[in-house]
Amino acid sequence: MTPVAGRGAGAAPRSVDVARLAGVSQKTVSRVMNDEPYVSDDVRRRVLAAAEELGYRSNNAARALASGRTRSIGVVTLGTALYGPASLLMGVERAVRDTGYALRVVNTMEGETAGIAGAVNSLLDQGVDGIVISEPIDEEDGTDRSARVDVPVLVLGAPPPFAAPHVVTAGIVSGQMARAATEHLLELGHTTVHHLAGPQRWYSARDRLDGWRTALAAHGRAEPPVVEGDWSAASGYEAGRELVADPDVTAVFAANDDMAIGLIRALTEAGRRVPQDVSVVGFDDIPVAAYVTPPLTTVRQPFDAMAQDGLKLLVHAIENPQAHPMPMTDPPVELVVRSSSAPPPRKTPGRTRPPGSSRT
């Protein structure tokens with residue numbers, strides 16, 4: 001390639017400079033930068049090489065004016081350090097970066113009045129082309145859910161909160177994953193499985209509760225009383241202190257790994273061995289799950305796959321507003337079996353329950 005003439009020192013390179021250096025038309029440069037079809041591989045390589053040599057970057061602002069789009073995607077997410085929401089947001093950030101769109105994030109706070117509506121309005125005021133709603137909590141504030149949003153919306157793991165021209169959903173597999181965790185324990189031979197649930201304002205906690213119930217009903221097993229925690233290890237510990245009072249508890253499915261870890265601590269302190277006396281299965285596969293004692297059996301949430309698949313649907317809806325929605329397939333359920341689950345203990349002949357104990 002030959003040096004480009006006619007441009008002052010220090011001036012930002014333009015598409016015409018790239019066209020001149022690559023030996024193509026300015027329209028061809030535009031097609032390559034917009035990743036349009038009908039450009040040969042050789043021409044595409046020459047244009048990209050020229051752009052890199054010159055340090056040229058496409059003018060997104062000008063493109064937005066021409067197309068009526070800002071090439072930005074807004075995300076509404078709960079402001080929390082909890083593993084699930086935080087990991088999903090990271091997955092969305094990576095997926096958005098791969099699409100070539102800019103990302104704008106608005107956090108909501110638990111218990112905030114009209115949090116989703118306010119966050120969505122803020123993003124619409126910024127002119128985003130699409131919105132991702134990763135909000136795991138019900139709003140019980142009388143928000144008008146019929147309010148119209150005039151850009152495509154992707155909802156991750158919860159019912160759509162607003163009407164929109166295109167609403168796509170992804171990641172609604174918590175119930176299937178909870179059922180797999182419960183069935184794993186039943187298949188090991190446990191008579192029934194107790195459930196340490198998450199707070200029921202959360203969509204995911206209700207989905208996991210439903211999956212546990214579905215598994216027990218499908219196998220014709222008794223449904224023990226549910227113990228509810230708040231996602232923290234401390235609440236799992238308190239639940240464990242309650243469950244150790246029942247000698248018939250041999251298997252527990254916890255709605256997340258943190259509560260499962262607190263539960264194991266309480267069982268161990270009470271002299272109930274895991275998994276010899278009580279099996280425990282968690283949910284999420286947090287990084288520490290493989291390194292606790294015993295290593296925790298859990299179901300792994302496919303945060304990156306969920307975000308990538310969802311963003312494909314959203315970008316398709318943004319760029320093809322008249323087209324039919326792309327088909328969506330649920331990610332596979334991945335059960336990670338470690339050492340915290342095992343067959344139930346053998347019953348000693350003649351063993352009876354302690355006086356006053358009962359079973360549902």
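Worth saying up front: this structure is predicted, and the values here are computed from it rather than measured. (Residues numbered from 1 in each chain as written. Predicted model: local features only at pLDDT ≥ 70, side-chain atom pairs only at ≥ 80, totals over all residues. Heavy atoms only, no water.)

Counting 25 residues, the largest nonpolar core has L196, V252, L263, V280 and L296 as the members making the most contacts within it. Of all the secondary-structure elements, those providing two or more residues to this core are α9 (233-243), β8 (251-254) and α10 (257-269). The biggest single contributor to this core is α10, with five residues. When neighbours within four sequence positions are excluded, L263 is seen to be in contact with L196, G236, Y237, G240, L243, V252 and V280. One finds I73, L88, Y101 and V315 within the second-largest nonpolar core, a separate group that totals 21 residues. (Core = buried A, V, L, I, M, F, W, Y, C linked by side-chain atoms within 4.5 Å. Buried < 20%, exposed > 50% of the residue type's maximum accessible area, 1.4 Å probe, protein only. Helix = DSSP H or I, 4+ residues; strand = E, 2+ residues; numbered from the N terminus. Contact = heavy atoms within 4.5 Å.)

For the bond from V274 to P275, the omega torsion is 10°, close enough to zero to count as cis. Positionally, P275 belongs in the loop between α10 and β9 (279-284). Cis geometry marks the peptide bond from T293 to P294, where omega comes out at -5°. Take P294: it is sitting in the loop between β9 and β10 (297-300). One non-glycine residue with positive phi stands out, namely D284, at about 125°. Accessibility expressed as a relative area gives 7% for D284, which makes it buried. Even without being glycine, D285 reaches a positive phi, approximately 60°. D285 gets classed as buried once you look at its relative accessible area, which sits at 11%.

Let us look at the pairing of strand β1 (residues 72-78). Among the seven residues that make up β1, seven are buried, leaving the element largely enclosed by the rest of the structure. Side chains S72, G74, V76 and L78 project from β1 onto one buried face, and the interleaved I73, V75 and T77 project onto a second face that is buried too. Crossover β1 to strand β2 (residues 102-108) through helix α5 (residues 83-99) is right-handed. Judged from the five bridges that link them, β1 and strand β3 (residues 130-134) form a sheet pairing that is parallel. (Right-handed = clockwise from strand over helix to strand, strands pointing away. Pairing = 2+ DSSP bridges.)

What follows deals with helix α1 (residues 15-22). The buried count for α1 comes to six of eight residues, which makes it a mostly enclosed element. Looking at α1, one finds that the buried residues are S15, D17, V18, A19, L21 and A22. Tucked inside the fold, the buried residues of α1 contact α2 (26-33) and α3 (41-54). Two residues or fewer past α1, G23 is found with a positive phi of approximately 75°.

Turning to the sheet that holds strand β4 (residues 153-156), a few remarks are in order. One open sheet holds the five strands; their spatial order is β2-β1-β3-β4-β5, and the pairing between them is parallel. Among the strands making up the open sheet, the edge pair consists of β2 and β5 (167-170). Direction aside, neighbouring strands of the sheet carry axes that sit 20° apart on average. Pairing of β4 with β5 involves four bridges; the strand directions are parallel. When the bridges of β5 are listed, L156 appears paired with A170. Packed on one face of the sheet, α5 meets β1, β2, β3 and β4 and runs near 160° to β2. (Axes fitted to C-alpha atoms, helices over the stretch in contact; angles between N-to-C directions.)

Two modes of strand pairing occur in sheets, parallel and antiparallel, and in both the strands are linked by backbone hydrogen bonds. Taken together, the six strands give an open sheet; going across it, the order is β7-β6-β8-β9-β10-β11, and neighbouring strands pair in mixed fashion. Each edge of the open sheet carries a strand with a single partner, namely β7 (227-228) and β11 (334-336). Together, β6 (194-197), β8, β9 and β10 form the strand contacts of α10, whose direction differs from that of β9 by roughly 160°.

Interpretation note: all reported values are geometric properties and have no functional meaning in isolation.
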